[in-house]
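Per-entry structural report
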Amino acid sequence: MITPIQGFSRLTKEEKIDWIAANYTTNASETKKLLKQYWNTDSKLQQLHDEFIENTITNYYLPLGIAPNFLINGKLYAIPMAIEESSVVAAASRAAKFWLDRGGFRTVVHGTEKVGQVHFMYRGDPEKLTRFVTEITHILISDAAPITKNMVERGGGIKSIALRNMCHALDNYYQLHCTFETADAMGANFINSCLEHFARTLKREIRGTDTLGDDERDIEVVMSILSNYVPGCLVRAEVQCPVSDLLSGNTSISSEQFAKKIVRAIAIAKAEPYRAVTHNKGIMNGIDAVVVATGNDFRAVEAGVHAYASRNGTYTSLTHAEIDNGTFRFWMEIPLALGTVGGLTRLHPLVKLAHEILQHPTASELMQIVAVAGLAQNFAAVSSLVTTGIQEGHMKMHLLNILNQMGATEEEKTQLLTHFRRNTVTHNAVVEAFQNIRRD
């Protein structure tokens, strides 16, 4: 019987491994061997990785791939992508190559505004509270000057502080809704530090004000925290070409039919939430892979993007397509709060390399690159769906995973890869072909 452990965090890494292997695995020696296989042989590099999070026992690897030939606003990029799913890098690369000779991708950043809120409860007169917050706004900003000084020097800082009356949603609930510019930093720590400072100032000033009555000076600050919903941090990515140039590579349909099929597929994703979720997941395949590779927070990005997809009350497609006067257009507007300084960007060696490969982008430039990766991924997926189907390409990329699961040798892999260049890949077909080789 396993019993709770006290002081696990104080154990050495070796002791943590011994405990987890002995109590939660069936073969302790094999578990310890496996975990240590993934340690870095450079002890300093391993220590760096150990200190990223708490209670580390080993490293968990993801493949880092490159999708080349992305022409974005006339500049050529090779985009690093960290992801475990087969066909994502191949699909992005295929879309990049497709649009390379059709003018490439065009992007524009509509805004870089980020949001944080001080949530509090107040039971007095709303109009008096509004006057009070207006009176102390300059104090809130000046009190936070030691925190904002460096950010202001880099072109960022506090943009606005506004009182929001949220009593319609929850009795006595108000918030300071604050906007920030964080330059090339994602800015979570900066924003949270400012918000906590605002909360302290708010409580101090409310005790000494004459604007509120004695019975109205008691507020309860519930929490002070940034929001990962950033509709003011918006980037647009698009491609376009004459419909006549939109050749799918599938000789059974014309470019006009191909264009109409894509437009119809996007219309379905707009109308049907069940389809929209999978449609947008494909977009996030491209986005998350670049976000992870560049050391950004993919969970925050995911949350903000999906909230944006639901902003009008129904979950819908993030991408749009149209045919207008013989021109095919495919585009997306998406909120992305990213950083190129701070966090892992100065610590993780592969993150630093990813930024170098991307030619050291600013946060605004990285927003555009990431959005393009998502748009390219979606174009590739929808193109496959309306022509050959998704499984043909996906299963070919998944073939090696199946062969590795079955323990195929290098010679067997070569034979089977050759065989499935001219045959349809399904799991059963691979198993049967593998068994035939073993029997021979």
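Quick look at the structure, then. Residue numbering note: each chain is counted from 1, following its sequence as written. Only residues with pLDDT of 70 or above have their local features reported here, since the model is predicted, and side-chain atom pairs are shown and tallied only from 80 upward, although totals for entire chains, interfaces and linings are computed over all residues. Processing note: side-chain calculations cover all non-hydrogen atoms of the structure and skip hydrogens and water entirely.

The distinction between a cavity and a pocket rests on a 1 Å grid over the protein atoms alone: a 1.4 Å probe fits inside a cavity but cannot get out, while a pocket stays open yet meets protein on both sides within 12 Å along at least five of seven lines, and a residue with an atom within 4 Å of a point counts as lining. Grid points are joined across faces, edges and corners, and a volume is the space filled by probe spheres set on the points. For the coordinates displayed, the defined rule picks out one cavity of 30 Å³ or more. Computed from the structure, the largest cavity encloses a volume of approximately 90 Å³. Among the elements that line the lining of the largest cavity, the one with the most residues is helix α10 (residues 298-309), at four residues. All amino acids are sorted into three groups, where Ala, Val, Leu, Ile, Met, Phe, Trp, Tyr, Cys and Pro are nonpolar, Asp, Glu, Lys and Arg are charged, and the leftover types, Gly among them, are polar. The residue inventory of the lining of the largest cavity, partitioned by class, reads 11 nonpolar, three polar and one charged. Secondary structure is summarised from DSSP: a helix means a run of H or I of at least four residues, a strand means a run of E of at least two, and numbering begins at the N terminus for each.

Moving on, we get to the pattern of salt bridges. Salt bridges are defined by distance alone: a side-chain nitrogen of Lys or Arg within 4 Å of a carboxyl oxygen of Asp or Glu. In total, this model carries 16 salt bridges according to the counting rule given. In this structure, E216 and K128 form a salt bridge, with 3.3 Å as the shortest nitrogen-oxygen distance. In this pair, E216 sits in the loop between α7 (188-208) and β7 (220-227) while K128 sits in helix α5 (residues 126-143), placing the two residues 88 residues apart along the sequence. We classify K128 as partly exposed; its relative accessible area is 26%. Two residues, R217 and D210, come together in a salt bridge whose shortest N-O distance is 4.0 Å. D210 sits in the exposed class, given a relative accessible area of 73%. Taken together, the shared-partner salt bridges connect D143, R204 and E205 into one network. Only protein chains enter the accessibility calculation, which uses a 1.4 Å probe. A residue is then buried if its area is under 20% of the maximum for its type, exposed if over 50%, and partly exposed in between.

Let us look at the packing of helix α14 (residues 410-419) against helix α15 (residues 427-439). One can describe the packing of α14 onto α15 by two numbers: an axis separation of 11 Å at closest approach and a directional angle of 130°. Relative to α15, the element α14 is oriented oblique. Crossing geometry of α14 relative to α15 is assigned as right-handed. Judged by residue contacts, E412, Q415, L416 and H419 of α14 engage A433, F434, I437 and R438 from α15. Class assignment of the residues belonging to the contact of α14 with α15 gives a composition of four nonpolar, two polar and two charged. A fitted line through C-alpha atoms serves as each axis, taken over the contacting stretch for helices, and the angle formed by two N-to-C directions is quoted from 0 to 180°. Just so you know how the angles are binned, under 35 degrees is roughly parallel, over 145 roughly antiparallel, 65 to 115 roughly perpendicular, and the rest oblique. The hand of a helix crossing depends on one turn: near helix anticlockwise from the far one by less than a right angle means left-handed, and clockwise means right-handed. Residue contacts are counted whenever heavy atoms from the two residues lie within 4.5 Å of one another.

Patch criteria: residues need more than 30% relative accessible area and no salt bridge. Like-charged residues are merged within 9 Å; nonpolar side chains of Val, Leu, Ile, Met, Phe, Trp and Tyr are merged within 5 Å. Note on areas: Shrake-Rupley with a 1.4 Å probe; residue coverage comes only from the protein chains shown. A grouping of L64, I66, L350, L353 and I357 is seen on the molecular surface, where their side chains present a nonpolar patch of about 380 Å² in accessible area. Only β1 (64-72) and α11 (349-357) provide two or more residues apiece to the nonpolar patch. The element best represented in the nonpolar patch is α11, accounting for three residues. Relative to the helices and strands, I66 is located in strand β1.

We now examine the sheet that holds strand β10 (residues 327-335). The pairing of strands in a sheet happens through backbone hydrogen bonds and is either parallel or antiparallel. Note on pairing: two strands pair once DSSP finds at least 2 bridges between them. Sheet architecture is open: four strands sit in the order β3-β8-β10-β9, paired in antiparallel fashion. Both outer strands of the open sheet, β3 (106-109) and β9 (319-324), are each paired with one neighbouring strand and no more. When strand polarity is set aside, the average angle formed by the axes of neighbouring strands in this sheet is 20°. Judged from the nine bridges that link them, strand β8 (residues 234-242) and β10 form a sheet pairing that is antiparallel. Paired with C241 across the bridge in β10 is F328.

Estimates place the volume of the largest pocket at around 1600 Å³. Lining the largest pocket are 49 residues; nearest its centre among them are V292, G295, R299, L344 and H348. Of all the secondary structure elements, the ones that give two or more residues to the lining of the largest pocket are α3 (43-50), α7, α9 (273-293), α10 and α11. Examining the composition of the lining of the largest pocket, we find that seven residues originate from one element, α9, more than from any other. Residues of the lining of the largest pocket, tallied by class, amount to 24 nonpolar, 16 polar and nine charged.

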